[in-house]
Amino acid sequence: AEGAESCTSLDSCSQQAYVMQTAVSVIQAEDATQIKPHLLPCEIMFTGPANVTAYFKPRQSVADENLLEAEFRGRRLNGHTISLPEGYQGVVLQDTIAASVADGEERRWVQKAAFDKLVYWKHDDLPGDSDPLRKCMQWTSIANVLAADHGV
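Keep in mind the model is a prediction, meaning the values are calculated, not measured.

**Student:** Is there a simple way to explain the sheet that holds strand 6 (residues 90-95) in this structure?
**Tutor:** Each strand in a sheet pairs with its neighbour through backbone hydrogen bonds, running either in the same direction (parallel) or in the opposite one (antiparallel). The 3 strands are arranged 1-7-6 in an open sheet whose pairing can be described as mixed. Two strands in the sheet have a free side with no partner beyond their single neighbour: strand 1 (23-34) and strand 6. This sheet shows a mean twist of 35 degrees between the axes of neighbouring strands, independent of strand direction. Strand direction decides the pairing type here: strand 1 and strand 7 (residues 106-115), joined by 8 bridges, are parallel. When the sheet's bridge partners are listed, V26 is paired in strand 7 with W109.

Structural data, given as structure tokens:
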């Protein structure tokens, strides 16, 4: 974290972590909507509203019904819709305080939207089973098996 001192021993690290605790609470917004977010392979240096639907127009691939196609700033993108693992829900949060976090400060976030599917996009190749995001989504089922009580 920015401004954090390096830890020289386990004891100093645990003391440092204790000092930096912050309470976080999430408030359900009355107008929260269900959305389908798009994870693009780029960084956009802008925060705020944008007329995305006017410029970003995904469509079903002619070559493969499981893929989507789109263009973004002149680059061709290939996308794939993935579902979040069972029992998980994605949320879009908005911070109610536009300031840096002070030690011990309580932060309140408002849930603006929720999702159970998302589309991730690639520009150099096609989405596939070996993509890190797809592997990440599979990990929850593996973790559930590993954490289960096997009666041993």
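**Student:** Would you take a moment to explain the pattern of salt bridges for this structure?
**Tutor:** Should their charged atoms come close, side chains of opposite charge can pair. Inspection of every chain in the model, using the stated rule, returns 8 salt bridges. For E71, the salt bridge identified is with R59, shortest N-O distance 2.8 Å. Residue E71 is located in strand 4 (residues 68-72), and its partner R59 is located in strand 3 (residues 59-60); the two are separated by 12 residues in the primary sequence. Residue R134 pairs with D129 through a salt bridge whose shortest N-O separation is 2.6 Å.

What counts and how
- Residues numbered from 1 in each chain as written.
- Predicted model: local features only at pLDDT ≥ 70, side-chain atom pairs only at ≥ 80, totals over all residues.
- Heavy atoms only, no water.
- Pairing = 2+ DSSP bridges.
- Helix = DSSP H or I, 4+ residues; strand = E, 2+ residues; numbered from the N terminus.
- Axes fitted to C-alpha atoms, helices over the stretch in contact; angles between N-to-C directions.
- Salt bridge = Lys/Arg side-chain N within 4 Å of Asp/Glu carboxyl O.

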